Amino acid sequence: MAVTVILEPAGRCCWDEPMHIMVRGLAPGQQVTLRASPRDEKGALFRAHARYCADGGGELDLVRAPALGGSFAGLEPMGLIWALEPEKPLLRLVKRDVQTPFTVELEVLEGHEPEPQRVLGRVVHERYFLPPGVRREPVRAARVRATLFLPPGMGPFPGVIDLFGSGGGLCEYRASLLSGHGFAVLALAYFRFEDLPEYLNDVHLEYFEEAVDFMLQHPKVKGPNIGLLGFSKGGDLCLSMASFLKGITATVLINSCVANTITPLHYKDMTIPSLGNDLGKHTITESGLMDCVNIWNNPLEEPDHRSLIPLEKAQGPFLFIVGKDDHNWKSEFYAHIASAWLQAHGKDRPQIIYYPGAGHCIDPPYFPPRIASVHAFLGQAMFFGGEPGAHSKAQVDAWQQIQTFFHKHLDGKKSVKHSKI
């Protein structure tokens, strides 16, 4: 009987959707190694492998069969995707062109040897980033440089602005995936893209105000308010937007600071200085990576308290997603500051979700955890923290929590469908 690899969904599915991997036609108890091998957009190879034993009927079902070792161990139905590692160290699996899929080759190899050679079965699977019916619209409106993703249907849809961190550029993959869950999402660039500033210097909130106005005036966006989603530096920008701009009713922060960071922030006649730091306090890990968790000053102490963002001015609720092993900065400490600050000013306590073992870079589900990589802006090999298995589980749960939060506060829905695996 020929060995057959069966995938559900067959052929292709969305990146944030789990797939069910099964193998049939093996001998009872047969030892095999499964290997996944995609290439990124520049041709760099990523791989993950795991060793398994077929059941008494010669079948292997990754929902029921634990991995016996390899890139991961235990019951991990999506381990062959989230455990992908680059052939060249410190490369990150990133999606820049959401209009093309990642193609993953899945192989069944005979035996448990370190380098098994005989291929018993093979299948190719596409994981796409533009969900069915989602429309991608480049935005060049006045100064705003962005891409708008609209779900299928007539709308209007609850709107979200999505901001990434200090790497700069225009990152679309989170916005495109989120749009597949019923949101109009604007992926917004704010430096290192087209005619925007090359460096993150003297940020002006008026630029972000233009983006909010663009969304609120768009016929496919459901007003009278929108939500914000920010990661790292993009998070403190979202906090500033929520605190000073109108039309914002729900804000999600992924491992963000509660103070303005990196560069001064200007709005009208006001300036918030940046939180101080001392690069001399960085450490080097045993692997030679830069760990910057201790370089930042305490925003509660003089003179850095002036960099604190006045969260009490914000109208809508907050959701803080916190990786407890964040080594970029002290996200857990900052979330505690935000909670105490809001309650001291008579505001509701924010929702805070802590993820033990999760590091700084919490992406949508099944992205390989970015424990360490070369920072796009700094050019340094950075340690971002996280234990791969725990971080991967955090990404799956956080993605559901973000959708639930936005549906509740932007669309009046109480829950969303949950992952089947």
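Relevant structure appears above.
As the structure is a prediction and not an experimental result, all values here were calculated from the model.

Draft legend 1. Local environment of the sheet that holds strand β8 (residues 102-110). Strands sit in the order β2-β9-β8-β4-β5-β7 across an open sheet of 6 strands; the sheet is mixed. The sheet terminates laterally at β2 (12-14) and β7 (85-86), the two strands that pair on one side only.

Draft legend 2. Molecular detail of the pattern of salt bridges. For the coordinates displayed, the defined rule picks out 20 salt bridges. Taking the shortest distance from any N to any O, the salt bridge between Asp 61 and Arg 64 comes out at 3.2 Å. Classification of Asp 61 by relative accessible area gives buried; the value is 10%. Across the pair Arg 118 and Glu 110 runs a salt bridge whose closest N-O atoms are separated by 3.0 Å. Under the relative-accessibility criterion, Arg 118 is labelled exposed at 51%.

Draft legend 3. Just helix α4 (residues 233-244), in detail. In this model, α4 (12 residues) spans 17 Å end to end at C-alpha, consistent with the 16 Å of a helix rising 1.5 Å per residue. Burial analysis of α4 places 12 of its 12 residues in the buried class, which makes it a mostly covered element. Taken together, the buried positions of α4 are Lys 233, Gly 234, Gly 235, Asp 236, Leu 237, Cys 238, Leu 239, Ser 240, Met 241, Ala 242, Ser 243 and Phe 244.

Draft legend 4. Molecular detail of unusual backbone geometry. With omega at 0 degrees, the peptide bond leading from Gly 155 into Pro 156 counts as cis. Residue Pro 224 is bonded to the preceding Gly 223 through a cis peptide linkage, with omega at 5 degrees. Tracing the sequence through the fold places Pro 224 in strand β15 (residues 221-231). Although it is not a glycine, Arg 192 sits at a positive phi angle of roughly 60 degrees. Mapped onto the fold, Arg 192 is located in the loop between β13 (184-188) and β14 (203-204).

Analysis parameters
- Residues numbered from 1 in each chain as written.
- Predicted model: local features only at pLDDT ≥ 70, side-chain atom pairs only at ≥ 80, totals over all residues.
- Heavy atoms only, no water.
- Pairing = 2+ DSSP bridges.
- Helix = DSSP H or I, 4+ residues; strand = E, 2+ residues; numbered from the N terminus.
- Salt bridge = Lys/Arg side-chain N within 4 Å of Asp/Glu carboxyl O.
- Buried < 20%, exposed > 50% of the residue type's maximum accessible area, 1.4 Å probe, protein only.
- Expected span 1.5 Å × (residues − 1).

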